[in-house]
Number of protein chains: 2
Amino acid sequence: MRMSEGVEWAAHCVLLLCALPDDATLSAVRLAEYHGIPAPYLAKSLQALAGAGIASSIPGRHGGYRLSRPPSKITLLDVVLAVEGNDAFFRCTEIRKRGPSRVAARAYPAMCGIAAAMDRAETAWRAQLEQTTIAELATGVLHGAPPAALNKTAEWLHQTLSGKPRSGDGKRNHS
Amino acid sequence: MRMSEGVEWAAHCVLLLCALPDDATLSAVRLAEYHGIPAPYLAKSLQALAGAGIASSIPGRHGGYRLSRPPSKITLLDVVLAVEGNDAFFRCTEIRKRGPSRVAARAYPAMCGIAAAMDRAETAWRAQLEQTTIAELATGVLHGAPPAALNKTAEWLHQTLSGKPRSGDGKRNHS
């Protein structure tokens, strides 16, 4: 019952993509660089975001990722399900209908009480994540993050989007 | 983010143990037989229940499992955590403090907004499971299960606890 690290990476990437001007993109390599994650590790999370329609992958020399819809229309649940999939935590295998006390399957209530309780709990979890939009999280970063870190992010974005070379760039693959 | 099948098995075993008279026990083999699960598969779930103080393993020829406390004092959360462990779903690796925009760690708010939202969601999940006691689930079974299945369970328990031999018993290991 542990989320993969890819959920954290995907959520932070979506937050950074919120900060892009219209029509700008960030490559997978730049997103990885910003978050201090090896780019090959991050690829799967970014593909998951694209597969779920949260981000779009724009091809070409100046291509990269951008959000597919406004941050107010993306919830933290969307991001979690994009990476983790939409399977329920609990899968009822109907063991109440097995063993020596079993009777005809049609005689049982539609849902086992254990499965129903598990379902209520997961519904509560999903509802909480669905109430949290990426726009709200981004606002929280703008108000709560250290001002010096926000300034550094603004500078990094400016340099990255204007294509200015930085030390070490010659060794990197920008695609 | 999928629970192991062992959670379902453990929860159903706890429900069956609710039906035992005081001081009676059921062996792992009988618990497995009742639920139509191979006994070696079930062993780990039963050990988890014992490890969490939900069930006790009584040694000896007439030994087996019984509940360690009243069903009203055991929640579905207790059973889930016994089998799955108590780790949080989401582990924040603090990637906000990495990469080119990082500043001194002490400058950041105590908790990342993403981690805080994940924490709220898991708290809601846990609260739901904690509200569901095994006593309530057992009452639900008594009121909702097919009467014929309840009668068969009562007969199976009577035979098992009185030690009457049944067809096929010669081939089984009762320990």
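Here's what I pulled together on the structure shown here.

About the cut-offs
- Sequence order sets the numbering: in each chain, residues are counted from 1 along the sequence as written.
- Lettering of chains starts at A and numbering of ligands starts at 1, both following the order in which they are written.
- pLDDT decides what is reported in this predicted model: residues at 70 or higher carry local features, side-chain atom pairs at 80 or more are listed and counted, and totals for whole chains, interfaces and linings draw on all residues regardless.
- With hydrogens and water set aside, each side-chain value is computed from the structure's full complement of heavy atoms.
- Contacts are residue-level and defined by heavy atoms, with any inter-residue pair within 4.5 Å sufficient.
- Accessible area that two parts lose when put together, with a 1.4 Å probe and added across both, is what the buried area reports.
- Criterion for a salt bridge: a side-chain nitrogen of Lys or Arg within 4 Å of a carboxyl oxygen of Asp or Glu.
- Any Phe, Tyr or Trp ring, taking Trp's six-membered ring, that has another such ring centre within 6.5 Å forms a pair; planes under 30 degrees apart are called stacked, those over 60 apart edge-to-face, and the others tilted.
- A run of H or I in DSSP becomes a helix once it reaches four residues, and a run of E becomes a strand once it reaches two; helices and strands are each numbered from the N terminus.
- Least squares is the method for superposing the copies, and the C-alpha atoms it fits come from residues with pLDDT of at least 70 in both.
- Here the rule is simple: two strands pair whenever DSSP picks up at least two bridges between them.
- When accessible area is computed with a 1.4 Å probe and restricted to protein chains, residues below 20% of their type maximum are described as buried, those above 50% as exposed, and intermediate ones as partly exposed.

Moving on: the interface of chain B and chain A. In this complex, chain B contributes 58 residues to the contact, which on the side of chain A involves 58 residues. For the pair chain B and chain A, the two sides together bury roughly 5,000 Å², of which 67% comes from carbon and sulfur. When the buried area of chain B at its contact with chain A is split by residue, Met1, Arg2 and Ile95 of chain B rank highest and sum to 15% of it. In this assembly, chain B and chain A are joined by 2 salt bridges.

Moving on to the packing of aromatic side chains. Given two aromatic rings, one states the distance between the centres and the angle between the planes to describe the pair. Tallied over the entire structure, the rule returns 9 aromatic pairs over all chains. Taken together, a centroid distance of 5.2 Å and an interplanar angle of 75° make the contact between Phe89 of chain A and Phe89 of chain B edge-to-face. Here the residue Phe89 of chain A occupies a position in the loop between α4 (76–84) and α5 (113–131), and Phe89 of chain B occupies one in the loop between α4 (76–84) and α5 (113–131), the pair thus bridging two chains. Put simply, the rings of Phe89 and Trp125 of chain A together with Phe89 and Trp125 of chain B touch in pairs and so form one group of aromatic residues.

Inspection of the secondary structure assignment puts Asp119 of chain B in helix α5. Sequence separation of Asp119 of chain B and Leu157 of chain B is 38 residues, and the distance between their C-alpha atoms is 43 Å.

This part covers the relation of the copies chain B and chain A. Under the fitted operation, chain B is carried onto chain A by 0.0 Å of movement along the axis and a turn of 180°, and the coordinates agree to an RMSD of 0.0 Å. Classification of the inter-copy transformation places it as that of a two-fold axis. Of the interface residues in chain B, 100% have counterparts in chain A that sit at the interface too, so the contact is made through matching surfaces.

Glancing now at the pairing of strand β1 (residues 55–58) of chain B. Residue and element names in this part refer to chain B. With 4 bridges connecting them, β1 and strand β2 (residues 64–67) associate as antiparallel partners. Directly across from Ser56, in β2, lies its bridge partner Arg66. Hairpin geometry of β1 and β2 is characterised by an intervening segment of 5 residues between the two adjacent antiparallel strands and by a positive phi of about 110° at Gly60.

Residues and elements named next belong to chain A. Of all 8 residues in helix α2 (residues 28–35), 7 are buried; the element is thus mostly enclosed. For α2, the full list of buried residues reads Val29, Arg30, Leu31, Ala32, Glu33, Tyr34 and His35. Contacts made by the buried residues of α2 are with α1 (5–18), α3 (39–51), β2 (64–67) and α7 (147–162). Directly after α2, the chain includes Gly36, whose backbone phi takes a positive value near 65°.

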